[in-house]
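# Secondary and tertiary structure notes
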Amino acid sequence: MDTVGDIAGLRTALDVQRHRKIGLVPTMGNLHAGHMALVRECRRACDICVVSIFVNPTQFGPNEDFGSYPRTLAEDLRLLKAAGTDFVFNPSVDTMYPAGQEDHVSVSVPSLAHTLCGEARPGHFDGVATVVAKLFNIVAPHEAFLGEKDWQQLTLIRTMVRQLDMPLWVTGVPTVREASGLAMSSRNNYLSDEERQRAALINRILNGIKTGIERGDHDYEAAEARGRQKLAAAGFDVDYVAVRDAGRLVPPDADTNRLRILAAARLGRARLIDNVGVAL
Ligand code: PAF
């Protein structure tokens, strides 16, 4: 496994592999079982597996946790090597934003960037789209692997790829969960043991709404309100519980044939997100 920090070095290394299928797993490091499922899928589907580790400052708001975001490079490299990764791209902030962050070109997906998590985190998805577009241009993978846990991010990246005619396939990999149902996330590290147990309520509520819909309850707004109340009563600071069209993330309408039920809530220091799918 080669670890490369500069763009030219990575391109040179990948140039001689262009006849093979190249996969990219974009990450911000602090790898857990969810990331390793992406790497496994990349290994299975591609000949060459590139993992990027970059804590991207432009997707963090001014009062968010960029400074304290867990950085565990040595352990990440150990896990990636054991998993059969070929290349790790681990650039510095200056490498990715040589002209500074303010004056950098920004990629925006307006139809998806301002709803749900975009309301609570203004600018977040422009930062995500910009850095992922850069990573796609740098690595030029045939396929990229992203977790379904960040459903809005996955949907937005797919939309960016489609609308900007980027020549790659984006594969979503199902969420990996703890035994309690809690979705794996680097931000789970911010939870105390007691909060970690309580955090599993998010997934139980989403599954409860899913079961209701499957049994024929289509009063989505009432289900959302009940979900928000349950989370608030358990001490969560709720951003949203929402039943949306899975592809467009708008409230379900006559064109909807797949739903996604999504939630975001803060517990202690952690902002947690989760989602489940329902076919109609
Ligand atoms: O999901 C993440 O870890 C990040 O948002 C990503 C896709 C690596 C972009 O920085």
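These numbers were taken from a predicted model, which means no experiment stands behind them.

### Focus on the overall build of the protein chain
Across its full length, the protein chain holds 11 helices and 9 strands. In terms of overall dimensions, the protein chain is globule-like: its C-alpha atoms have a radius of gyration of 19 Å, near the 19 Å expected for 280 residues. With the C-alpha coordinates of the protein chain rotated into their principal frame, the extents come out at 55 × 40 × 40 Å. The long-range share in the protein chain, meaning contacts at least 24 apart out of those at least 6 apart in sequence, stands at 72%. Only carbon and sulfur atoms are counted for the fraction: they give 50% of the accessible area of the protein chain, which is about 12,900 Å². Counting 32 positive and 34 negative side-chain charges, the protein chain places the centres of these two groups 4 Å from one another.

### Regarding the packing of aromatic side chains
Scanning the entire structure with this criterion turns up 3 aromatic pairs. Judged by centre distance (6.4 Å) and plane angle (40 degrees), the ring pair of phenylalanine 54 and tyrosine 97 falls under tilted. Taken as a pair, phenylalanine 54 in the loop between strand E3 (48-53) and helix H3 (73-82) and tyrosine 97 in the loop between helix H4 (93-96) and helix H5 (110-113) lie far apart in primary sequence, 43 residues in all. Per residue, the accessibility class of phenylalanine 54 equals that of tyrosine 97, and both read buried. Summarising the aromatic geometry, the rings of phenylalanine 60 and tyrosine 69 are spaced 5.8 Å apart at their centres and angled 75 degrees between planes, so their arrangement reads as edge-to-face. Look at tyrosine 69 and you get buried, because its relative accessible area is 8%. One aromatic cluster is present, built from ring pairs that chain together Phe60, Phe66 and Tyr69. Cation over ring: lysine 134 sits above tyrosine 97, and NZ or CZ is 5.7 Å from the ring centre.

### Looking at the site of the ligand
Neighbouring the ligand are Pro26, Thr27, Met28, Gln59, Val131, Val132, Leu146 and Gln153. Within the contact set of the ligand, an oxygen atom lies 2.6 Å away from a side-chain nitrogen or oxygen of glutamine 59. In this structure, glutamine 153 approaches the ligand through a side-chain N or O atom, which is 2.7 Å from an oxygen atom. In the complex, the protein chains occlude 89% of the 290 Å² of accessible area that the ligand would expose alone. If you list the elements that add at least two residues to the shell around the ligand, you get strand E2 (22-27) and helix H7 (124-139).

### Focus: the sheet that holds E3
The strands that make up a sheet pair up through hydrogen bonds in the backbone, lying either parallel or antiparallel. Sheet architecture is open: 6 strands sit in the order E1-E4-E3-E2-E5-E6, paired in parallel fashion. Both edges of this open sheet fall to strand E1 (2-4) and strand E6 (169-173), since each of them pairs with a single strand only. With strand direction ignored, the average angle separating the axes of adjacent strands in the sheet is 25 degrees. Where strand E5 (residues 143-147) and E6 come together, 5 bridges link them in parallel fashion. In the strand pairing of E6, glycine 147 is matched with valine 173. The strands touched by helix H1 (residues 7-15) within the sheet are E1, E2, E3 and strand E4 (87-89), with E4 carrying the most contacts at an inclination of about 160 degrees.

### Digging into helix H2 (residues 33-45)
Over its 13 residues, H2 extends 18 Å from the first C-alpha to the last, a length consistent with the 18 Å expected when each residue adds 1.5 Å. Among the residues making up H2, those that are buried are Gly34, His35, Met36, Ala37, Leu38, Val39 and Cys42. Buried residues belonging to H2 abut E2, E3, H3, E5 and E6.

### As for the sheet that holds strand E9 (residues 270-279)
One open sheet accounts for 3 strands, arranged E7-E8-E9; its pairing is antiparallel. Since the sheet does not close on itself, it has two edges, and those belong to strand E7 (237-245) and E9, each with one partner. Direction aside, neighbouring strands of the sheet carry axes that sit 10 degrees apart on average.

### A few points about the side chain of glutamine 59
For glutamine 59, the position within the fold is in the loop between E3 and H3. Ignoring any residue separated from it by four or fewer positions in sequence, one finds glutamine 59 in contact with Met28, Glu64, Arg121, His124, Gly127, Val128 and Val131.

### Structural notes on the nonpolar core
Ranked by size, the top nonpolar core spans 46 residues in total, and within it Phe136, Ile157 and Met160 carry the most contacts. If we ignore the near neighbours within four places in the chain, the residues touching phenylalanine 136 are Leu24, Pro141, Ala144, Ile157, Met160, Val161, Met166 and Leu168. In terms of nonpolar packing, the next biggest core, distinct from the first, is built from 30 residues, Ala199, Leu206, Ala263 and Ala265 among them.

### Focus on the pairing of E2
Counting buried positions along E2 gives 6 out of 6 residues, so the element sits mostly inside the fold. Covered by surrounding structure in E2 are Ile22, Leu24 and Pro26 together with Gly23, Val25 and Thr27, the residues of both alternating faces. Pairing analysis gives 6 bridges linking E2 to E3, with the strands arranged parallel. Residue pairing in the sheet places threonine 27 in a bridge with isoleucine 53 of E3.

How each quantity is defined
Residues numbered from 1 in each chain as written. Predicted model: local features only at pLDDT ≥ 70, side-chain atom pairs only at ≥ 80, totals over all residues. Heavy atoms only, no water. Helix = DSSP H or I, 4+ residues; strand = E, 2+ residues; numbered from the N terminus. Rg over C-alpha atoms; globule rule 2.2 N^0.38 Å. Contact = heavy atoms within 4.5 Å. Areas by Shrake-Rupley, 256 points an atom, 1.4 Å probe, with all protein chains shown as cover. Lys, Arg positive; Asp, Glu negative; His and termini not counted. Charge placed at Lys NZ, Arg CZ, Asp CG, Glu CD. Phe/Tyr/Trp six-rings, centres within 6.5 Å; stacked < 30°, edge-to-face > 60°. Buried < 20%, exposed > 50% of the residue type's maximum accessible area, 1.4 Å probe, protein only. Lys NZ or Arg CZ within 6 Å of the ring centre and 35° of its normal. Near = heavy atom within 4 Å. Polar contact = N/O pair within 3.5 Å; in protein donor to acceptor, adjacent residues only side chain to side chain. Pairing = 2+ DSSP bridges. Axes fitted to C-alpha atoms, helices over the stretch in contact; angles between N-to-C directions. Expected span 1.5 Å × (residues − 1). Core = buried A, V, L, I, M, F, W, Y, C linked by side-chain atoms within 4.5 Å.

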